[in-house]
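Inside the fold
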Amino acid sequence: MFYETATNAHGLPHDPFKAIVTPRPIGWITAMSAKGEVNLSPYSFFNAVSERPPMVAFSSAGKKDALTFIEETGEFVCNLATYDLREKMNATSAVLPRGVNEMEHAGLTPAPSRLVKPPRVADALAALECKWLQTVPLEPLGGGEPSYYLVIGQVIGIHVDDRYVVNGLVDTAAMRPIARAGYRDYFVATPETKFSITRPGG
């Protein structure tokens with residue numbers, strides 16, 4: 001099978017693009033407006049993009065509240081979405097009026113951050129406190145108005161639940177983080193699916 005994305009004439013019920021580029025980590029982003037309004041929403045176009053200094057990025061379809069709030073205040077938090085929080089994470093994806101707190105809507109408890117104003121999710125097993133660096137409009141080939149915006153932030157503080165630090169290493173698999181697949185599907189990392197490989201020369 002082959003198809004050109006300009007026409008998307010794949011003949012399938014749904015576009016398979018997101019089923020192929022998968023699994024994608026979920027950026028569960030907390031942002032706060034200049035007025036103090038809190039937004040919490042999951043983004044499946046998310047990842048770490050730099051280690052020194054640590055940076056993360058997520059892509060927003062349109063200028064949603066999280067993007068707007070981040071540009072107003074210059075701060076956000078990435079909360080780790082895990083299997084035990086999957087239903088509440090999904091609840092925060094609901095389309096709600098601006099200013100409605102998704103954290104409260106989903107029955108989640110906020111916890112204060114150390115270095116930024118937006119709260120983190122108290123039950124999240126890890127969280128990254130970030131300062132906004134820039135927003136990049138993702139302009140398509142041939143020009144035209146962008147439909148997505150890439151938000152880049154530098155991680156300035158990291159929270160990790162001490163229960164998951166084992167022998168000096170963070171046991172990520174034990175946290176059971178979830179990742180987005182295509183359609184309505186997700187994957188979950190578990191200790192049983194974890195494996196290690198040593199890179200050549202290292």
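Scroll up for the structure.
The following refers to the structure shown. It should be emphasised that the depicted structure is a prediction, and the values quoted were computed from it without experimental measurement. (Residues numbered from 1 in each chain as written. Predicted model: local features only at pLDDT ≥ 70, side-chain atom pairs only at ≥ 80, totals over all residues. Heavy atoms only, no water.)

Details of the overall build of the protein chain
- Scanning the protein chain from terminus to terminus reveals five helices and 14 strands.
- Relative to its length of 202 residues, the protein chain is compact, with a C-alpha radius of gyration of 18 Å against a globular reference of 17 Å.
- For the protein chain, the spread of C-alpha atoms along the three principal axes comes to 50 × 50 × 35 Å.
- In the protein chain, which comprises 202 residues, the proportion classed as buried is 38%. (Helix = DSSP H or I, 4+ residues; strand = E, 2+ residues; numbered from the N terminus. Rg over C-alpha atoms; globule rule 2.2 N^0.38 Å. Buried < 20%, exposed > 50% of the residue type's maximum accessible area, 1.4 Å probe, protein only.)

Description of unusual backbone geometry
- The residue after T22, namely P23, is reached through a cis peptide bond having omega -5°.
- As for its position among the elements, P23 is in the loop between α1 (17-20) and β1 (24-25).
- In this structure, the amide linkage connecting R52 to the following residue, P53, adopts the cis form with an omega of -5°.
- Of note in the backbone geometry, R176 takes a positive phi value of approximately 60° without being a glycine.
- Positionally, R176 belongs in the loop between α5 (172-175) and β13 (178-180).

Re the nonpolar core
- In this structure, I29, V56, F58, I70, F76 and C78 are the most contacted members of the largest nonpolar core, which totals 16 residues.
- With four residues, helix α2 (residues 65-73) is the largest single contributor of residues to this core.
- If we ignore the near neighbours within four places in the chain, the residues touching I29 are N39, L40, S41, Y43, F58, I70, F76, V77 and C78.
- Grouped together as the second largest cluster of nonpolar side chains are twelve residues, I26, L40, M89 and V121 included. (Core = buried A, V, L, I, M, F, W, Y, C linked by side-chain atoms within 4.5 Å. Contact = heavy atoms within 4.5 Å.)

Thoughts on the sheet that holds strand β3 (residues 38-43)
- On the basis of which strands lie adjacent, the open sheet formed by seven strands has the order β3-β2-β6-β9-β10-β5-β4 and antiparallel pairing. Looking at which strands have only one partner, the edges of the open sheet turn out to be β3 and β4 (46-51). Within this sheet the neighbouring strands show an average axis-to-axis angle of 35°, counted without direction.
- When strand β9 (residues 126-137) meets strand β10 (residues 148-160), the two strands line up antiparallel, connected through eleven bridges. Residue V136 lies in a different strand from β10, and its bridge partner there is L150. (Pairing = 2+ DSSP bridges. Axes fitted to C-alpha atoms, helices over the stretch in contact; angles between N-to-C directions.)

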